[in-house]
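# Tertiary structure, described
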Amino acid sequence: MSKVPGDLRYTKSHEWVREEGALVVVGITDHAQDLMGDMVFVELPKPGTRLDAGKECAVVESVKAASDVYAPVAGEVTAVNEALASAPETLNTDPYGNGWLFKVKPADPGAAHTLLDASAYETLLASET
Amino acid sequence: MGHRTPLYEEHVKAGARMVDFGGWDMPLHYGSQVAEHHAVRQQAGIFDVSHMRAVEVRGADARAYLRYMLANDVDKLGTPGKALYGCLLNEQGGVLDDLIVYFLAPDWFRLVVNAGPAEGDIAWLRAHAGRFGVDIAPRPDLAMIAVQGPRADEAASRVLGEAHATLARLKPFHGAFIGDTFLARTGYTGEAGFEILIDAREAPGLWRRFTDHGVVPAGLGARDTLRLEAGMNLYGHDMDATVSPLESGLAWTVSLAAEREFIGRSALLRQRAQGVTRRLTGLLLRAPGVVRDGQDLQGPWGRGTVTSGSFSPSLARGIGLVRVPAAAADGDACELIGRSGQVLDARLVTPPFVRQGRALIDL
């Protein structure tokens, strides 16, 4: 069973967000990393990039497949996880912690609350399997 | 649900992610295909390859029959136990399958063919068997296990007991029976090791003895990156019925000596006389990223296509096998077209990329 921490918000495309002060941290879920298998390459947006909600903004590649990451919220990228360049496998081992992808200053401070909560995301996962 | 090998339960117990491969439910990995890859390069891994089909060819004219059926010449097999790699061709010189043939006795050869094409192969073999009076008998009662890696023999010495002495004497591409079990120094990883053809009922016990001795179960994911690094073709990707061995890096497996007629020979001679226009070689990505099957590449000589692409865990670079115009030379710089149309710097290189745990190309 994939882990779905209760304190995060989720998208239907398997990203998670965590509120951190005025910013939101974005990553991919345990379910997403498990489906893709061993991660070998991550392409992240540059800090300062303006994201549109629902548009592709990063790429994660496993040995098996490449997958777009979609921006959960609109806003500006303030930081990216540089450590993933040399250790992409962190996405597999710690998807909700050290495997975070980037941080965004949301255009709408309440945007994260419009996303799925943990129980809604678990329902989505159950319906997909 | 696909066919299940005799080791299906072992895979499920070990937490494998099962996928369809050629109509079989097979383990893709048991948690991390990259870790399994490294285990085979550095230690020892064990693969269930029971989806591959053993087929017996028996009869007084078995040798003459196989000399007619295969593009490689089984007359190279002088002593019982010796193995040969080669292709089964159609009349147009297209590759129906690639296989290993073991010479077991003057009236007995054993083929090991790929899972997907197996049924077609058997029908093709039978269609031509009549005038040679040979019998074609698939062996679904046999399981096949590959143990590969620098420590494969060390594990075998503990698992096989006295029988290990027989294995220890075998040279590469040779096999021998221990009772009804056949051991051979063959594989698909570029590492030392061996393959075992064994009664399906005995396979789970043998599998557990190897894993109990620390040999790491490895799935099709690791098998694919290992064979790709080793520069070995995968049927259905790097060659199929639409291309000849001469266009697939397999000219070394074709024996065109004058006196032997075989299916596809005249087509290959015609192709050679007219000039082979395409060839298969290696691709090394210079930029970070992963090479994918079907991607296009562009060089001064025109376009090429990736037939097998992946990420090399040993080199930490994207690599592939590519079909390019004959004018393309190894060492040439070229550009790989990424999935969103971006252009990535790459270079043609001569496979293999990695064997015996060592990089064989300059990065």
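The rules behind the values
- Residues numbered from 1 in each chain as written.
- Chains lettered and ligands numbered in written order.
- Predicted model: local features only at pLDDT ≥ 70, side-chain atom pairs only at ≥ 80, totals over all residues.
- Helix = DSSP H or I, 4+ residues; strand = E, 2+ residues; numbered from the N terminus.
- Rg over C-alpha atoms; globule rule 2.2 N^0.38 Å.
- Buried ≥ 20, exposed ≤ 12 C-beta atoms within 10 Å, placed from the backbone.
- Contact = placed C-beta atoms within 7 Å.
- Nonpolar A, V, L, I, M, F, W, Y, C, P; charged D, E, K, R; others polar.
- Core = buried A, V, L, I, M, F, W, Y, C linked by C-beta atoms within 7 Å.
- Arc of directions from axis to C-beta.
- Domains from an automatic or database assignment.
- Pairing = 2+ DSSP bridges.
- Axes fitted to C-alpha atoms, helices over the stretch in contact; angles between N-to-C directions.
- pLDDT = per-residue confidence, 0-100.
- Parallel < 35°, antiparallel > 145°, perpendicular 65-115°, else oblique.
- Left-handed = near helix turned anticlockwise from the far one by under 90°.

A word on the overall build of chain A. What chain A contains, in helices and strands, is three helices and nine strands. Secondary structure elements in chain A, listed N-terminal to C-terminal, are β-β-β-α-β-β-β-β-β-α-β-α. Taking 14 Å as the expected radius of gyration for a compact globule of 129 residues, we find that chain A reaches 13 Å, a close match to that expectation. Seen along its three principal axes, the alpha-carbon backbone of chain A occupies a region of about 35 × 35 × 20 Å. Burial statistics for chain A: of 129 residues in total, 42% are counted as buried.

Turning our attention to the overall build of chain B. Check the secondary structure of chain B and you find nine helices and 21 strands. Taken over the C-alpha trace, chain B has a radius of gyration of 20 Å; the compact-globule value for 363 residues is 21 Å, and the two agree within 12%. With the C-alpha coordinates of chain B rotated into their principal frame, the extents come out at 55 × 50 × 40 Å. Each of the 363 residues in chain B was classed as buried or not, and the buried ones make up 49%.

On to unusual backbone geometry. All names here are of chain B. Residue Pro352 is bonded to the preceding Pro351 through a cis peptide linkage, with omega at 5 degrees. Secondary-structure assignment places Pro352 in the loop between strand S19 (343–349) and strand S20 (354–355). You will see that Phe173, though not glycine, has its phi angle at about 65 degrees, which is positive. By secondary structure assignment, the location of Phe173 is in the loop between helix H6 (164–169) and strand S10 (175–178). The phi dihedral of Ala316 is positive, around 55 degrees, even though this residue is not glycine.

Moving on: the interface of chain B and chain A. Of the residues lining the interface, 12 residues belong to chain B; the matching set on chain A comes to eight residues. When contributions to the side of chain B that touches chain A are tallied by element, the ones reaching two or more residues are helix H2 (33–42), helix H8 (220–229) and strand S16 (302–312) of chain B. Partitioned by chemical class, the residues of the side of chain B that touches chain A number four nonpolar, seven polar and one charged.

So, on to the nonpolar core. With 80 residues, the main nonpolar core has Val57(B), Leu66(B), Val101(B), Phe109(B), Met144(B), Ile145(B) and Val147(B) as its most contacted residues. By residue number, the principal contributor to this core is strand S6 (residues 95–105) of chain B, which donates eight residues. Sequence-distant contacts of Met144(B), that is, excluding residues within four places in its chain, are made with Val49(B), Ser50(B), Met52(B), Ala54(B), Glu195(B), Ile196(B) and Leu197(B). With 56 residues, the next largest nonpolar core counts Val60(A), Val63(A), Phe311(B) and Cys334(B) among its residues.

Because an α-helix completes one turn every 3.6 residues, residues spaced three or four positions apart along the sequence face the same direction. All names here are of chain B. For helix H7 (residues 203–212), every residue scored as buried is listed here: Ala203, Leu206, Trp207 and Phe210. Looking straight down H7, one finds that the buried residues subtend no more than 100 degrees of arc, so they occupy a single side. In H7, those exposed residues whose orientation departs by more than 90 degrees from the buried face are Gly205 and Asp212. Where H7 is buried, its residues contact helix H1 (8–13), strand S3 (45–48), strand S9 (142–148), helix H5 (152–159) and strand S12 (193–199). Downstream of H7 by one or two residues, Gly214 has phi in the positive range, about 85 degrees.

Residue and element names in this part refer to chain B. We note that the domain assignment places domain 1 (8–49 + 141–229) and domain 2 (277–359) within chain B. Here the C-alpha centroids of domain 1 and domain 2 sit 29 Å apart. Opposite the 12 residues of domain 1 that make contact, domain 2 presents 13 residues. Within the residue set of the side of domain 1 that touches domain 2, elements represented by two or more residues are H2 and H8. If you tally residues by element for the side of domain 1 that touches domain 2, the top one is H2, at five residues. For the side of domain 1 that touches domain 2, the class distribution of residues is three nonpolar, five polar and four charged.

With that settled, the discussion passes to the sheet that holds strand S14 (residues 278–285) of chain B. Residues and elements named next belong to chain B. Overall, antiparallel pairing links the six strands, which are arranged S14-S17-S16-S15-S18-S19 in a closed barrel. Each adjacent strand pair in this sheet contributes to an overall mean axis angle of 40 degrees, direction not counted. Note: strand S18 (residues 333–337) against S19, five bridges, orientation antiparallel. Bridge pairing links Cys334 to Ala346 in S19. Against the sheet, H8 engages S16 and strand S17 (317–325), with an angle of about 125 degrees to S16.

As a further point, take the confidence of the model for chain B. Detailed reading of the predicted coordinates is not advisable wherever pLDDT falls low. Residues at a pLDDT of 70 or more form 100% of chain B, whose mean pLDDT is 97. Confidence metrics for the complex model read pTM 0.95 and ipTM 0.88.

Before going further, it helps to examine the packing of H2(B) against H8(B). How two helices pack is summed up by the angle between their axes together with the distance between the axes. Residues and elements named next belong to chain B. Put simply, H2 and H8 touch, their axes get as near as 8 Å, and they point 55 degrees apart. Of the possible angle classes, the one that applies to H2 and H8 is oblique. Our pair here, H2 against H8, has a crossing hand that is right-handed. Residues Gln33, Glu36, His37 and Val40 of H2 form the contact with H8, whose own contacting residues are Gly221, Ala222, Thr225 and Leu226. Broken down by class, the residue content of the contact of H2 with H8 amounts to three nonpolar, four polar and one charged.

Let us now look at the sheet that holds strand S4 (residues 53–58) of chain B. All names here are of chain B. Across the sheet, five strands lie side by side as S5-S6-S7-S4-S8; this open sheet has antiparallel pairing. This sheet does not close on itself; its edge strands, each paired only once, are strand S5 (83–89) and strand S8 (135–138). Recorded for the sheet is a direction-independent mean angle of 30 degrees between the axes of neighbouring strands. Pairing of S5 with S6, which is carried by seven bridges, proceeds in the antiparallel orientation. In the sheet register, Cys87 faces S6, and the bridge partner there is Asp98. Relative to S4, helix H3 (residues 62–69) is tilted by about 125 degrees, and along the sheet it contacts S4, S5, S6 and strand S7 (108–113).

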